[in-house]
Amino acid sequence: MQTFTYYPGCTLRTKAKDLDAYARASAEALGIGLIEPENWQCCGGAYTSATNEPATKLSAVRTLMAAKETEGLVTVCSACHNVIKQTNYDISRNEAMAVKVQRYLELDEAYTGETKVYHYLELLRDVVGFDNLKAKVVNPLKGKKIAAYYGCLLLRPSKALAMDDPENPSIMEDFIRAIGGTPVIYAQRNECCGGYITLEDKAQAAKRSNAVMSSAESMGADMIITACPLCLYNLKKNSGSSLPVYYFTELLAEALGLKEVGNE
Amino acid sequence: MNKNEKDWIDITSGVNVRKCMRCGKCSATCPSYDEMEYHPHQFVYMVEKGDIEPLLNSKSLYKCLTCFACVERCPRGVEPAKVIEAVRLTAVRKQGNNHLLPDQIPDMLDDDLPQQAIVTAFRKYTK
């Protein structure tokens, strides 16, 4: 069994327990071991790109270092994925930042991006393989027209995240095919849902999330899937649309016949 | 114009604003365009000119969603979001200039709001 370090992040422990529980149950069924590091900290939610903000990198570096002994670091939440991958990318190319972080954390040697970071979808594509996943599906989502919502954090900036083509991605559509569904392509699939602006400006969050939902509905989607708790919130609460929104891990668990496990 | 402030923004962003060729694609793709007084291409241009004071005092600083659309789509690799972030940091690093205070949070909560929204807002809006 291949074993990875698994970083749930703050929201998967609280408002997005489904995203977490279905991810863990499905990984186990697919023969992937996930170990949660002790005493992990919140990633910060947003990557600070400024060159002189080393303190904002510390939590992500602690998490990356905790994964050094396993085959890589797996994240599920799009925001954690984005922050940790961007930190890893920048620190591998910026020696001055690596040295500052080393001094803050009192490390014997600098961390310079050795850990490989996988989003859970990349784990399915690159480690499990979508063909192998398809072979393990017992409850295919036949006839379901599913719109994949990437949003912004899964794909961009693409040179750091290196997950898929940022303008014409296919990883979530390939995932949908593997679990037996029919992917729906729509214009807004990689545009922003409004994100944290919901705190200050509900109208803007409503405008953005409605644009996404209307776009998916116009292409005949039965449902929309996401990897991000904040996208799910905006699409459900702020869009005014009644199109169902699910975490991709919930559909994965359903296809693998594990739904009741996740509900425990 | 405060030369020091402009230099500090250039260092903080790590961006060479002179690479901009004024095509406006960053603003065309920005999901917050309608909500902004100064748009991404204006941030780049005004920082290049050293016209920073209006940006530091503009609510536009808090409208950027950090979606990286402008960063990804700029044909010259200018990365406008990093410029906006550097100006925002210059604003919130000043004492008493935090844009969001913990006391404001309880009124913003509802049962479903993910923690992610709050930690992200604090990271963007405060120092």
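Residues numbered from 1 in each chain as written. Chains lettered and ligands numbered in written order. Predicted model: local features only at pLDDT ≥ 70, side-chain atom pairs only at ≥ 80, totals over all residues.

Undergrad: Explain the packing of helix H9 (residues 202-218) of chain A against helix H10 (residues 229-238) of chain A to me, please; I cannot follow it from the model alone.
TA: Residue and element names in this part refer to chain A. Closest axis-to-axis distance for the H9/H10 pair is 8 Å, and the angle between their directions is 95°. The angle between the axes of H9 and H10 places the two elements in the roughly perpendicular class. In this structure, H9 contributes Lys202, Ala205, Ala206, Ser209, Val212 and Met213 to the contact, and H10 contributes Asn234, Leu235 and Asn238. Taken together, the residues of the contact of H9 with H10 sort by class into five nonpolar, three polar and one charged. (Axes fitted to C-alpha atoms, helices over the stretch in contact; angles between N-to-C directions. Helix = DSSP H or I, 4+ residues; strand = E, 2+ residues; numbered from the N terminus. Parallel < 35°, antiparallel > 145°, perpendicular 65-115°, else oblique. Contact = placed C-beta atoms within 7 Å. Nonpolar A, V, L, I, M, F, W, Y, C, P; charged D, E, K, R; others polar.)

Undergrad: I would appreciate a short explanation of the domain arrangement of chain B in the present structure.
TA: Accessible area lost during the coming together of the parts is what is often quoted as the interface size. Residues and elements named next belong to chain B. Each assigned domain of chain B is listed with its residue range as follows: domain 1 (3-96) and domain 2 (99-127). Averaged C-alpha coordinates put domain 1 and domain 2 at centres separated by 23 Å. Taken together, the four residues of domain 1 in the interface contact five residues of domain 2. Within the side of domain 1 that touches domain 2, the residues separate by chemical class into two nonpolar, one polar and one charged. (Domains from an automatic or database assignment.)

Undergrad: What am I meant to see in the nonpolar core here?
TA: For soluble globular proteins, the rule of thumb is that nonpolar side chains tend to be buried together. Membership of the largest hydrophobic core comes to 126 residues, with the highest contact counts inside it found for A:Leu73, A:Ala147, A:Phe175, B:Phe43, B:Val47, B:Val83 and B:Val87. Lining this core are residues from two domains, each supplying at least three of them: domain 1 (3-96) and domain 2 (99-127) of chain B. Contact partners of A:Phe175, with chain neighbours within four places excluded, come to A:Leu121, A:Leu124, A:Phe130 and A:Phe248. (Core = buried A, V, L, I, M, F, W, Y, C linked by C-beta atoms within 7 Å. Buried ≥ 20, exposed ≤ 12 C-beta atoms within 10 Å, placed from the backbone.)

Undergrad: Quick question: what am I supposed to make of the pairing of strand S7 (residues 223-226) of chain A here?
TA: Taken residue by residue, a regular strand's side chains alternate between the two faces of the sheet. Residues and elements named next belong to chain A. Judged from the three bridges that link them, strand S5 (residues 145-148) and S7 form a sheet pairing that is parallel. Residue pairing for S7: Ala147 is matched across the bridge by Ile224. Here S7 pairs with strand S8 (residues 245-247) via three bridges, running parallel. Its bridge partner being in S8, Ile224 is matched across the sheet by Val245. Taken together, S7, H10 and S8 constitute a β-α-β crossover, and its handedness is right-handed. (Pairing = 2+ DSSP bridges. Right-handed = clockwise from strand over helix to strand, strands pointing away.)

Undergrad: Would you mind showing me how to read the packing of helix H1 (residues 17-29) of chain A against helix H11 (residues 248-255) of chain A here?
TA: Packed helix pairs are specified by the crossing angle of their axes together with the interaxial distance, meaning the distance between the axes. All names here are of chain A. The N-to-C vectors of H1 and H11 enclose an angle of 40°; their axes lie 8 Å apart at closest approach. For the element pair H1 / H11, the angle class is oblique. Judged by the sense of rotation from one axis to the other, the crossing of H1 with H11 is left-handed. Across the interface between the two elements, Asp18, Leu19, Tyr22, Ala23, Ala25 and Ser26 from H1 touch Thr249, Glu250, Leu252 and Ala253 from H11. (Left-handed = near helix turned anticlockwise from the far one by under 90°.)

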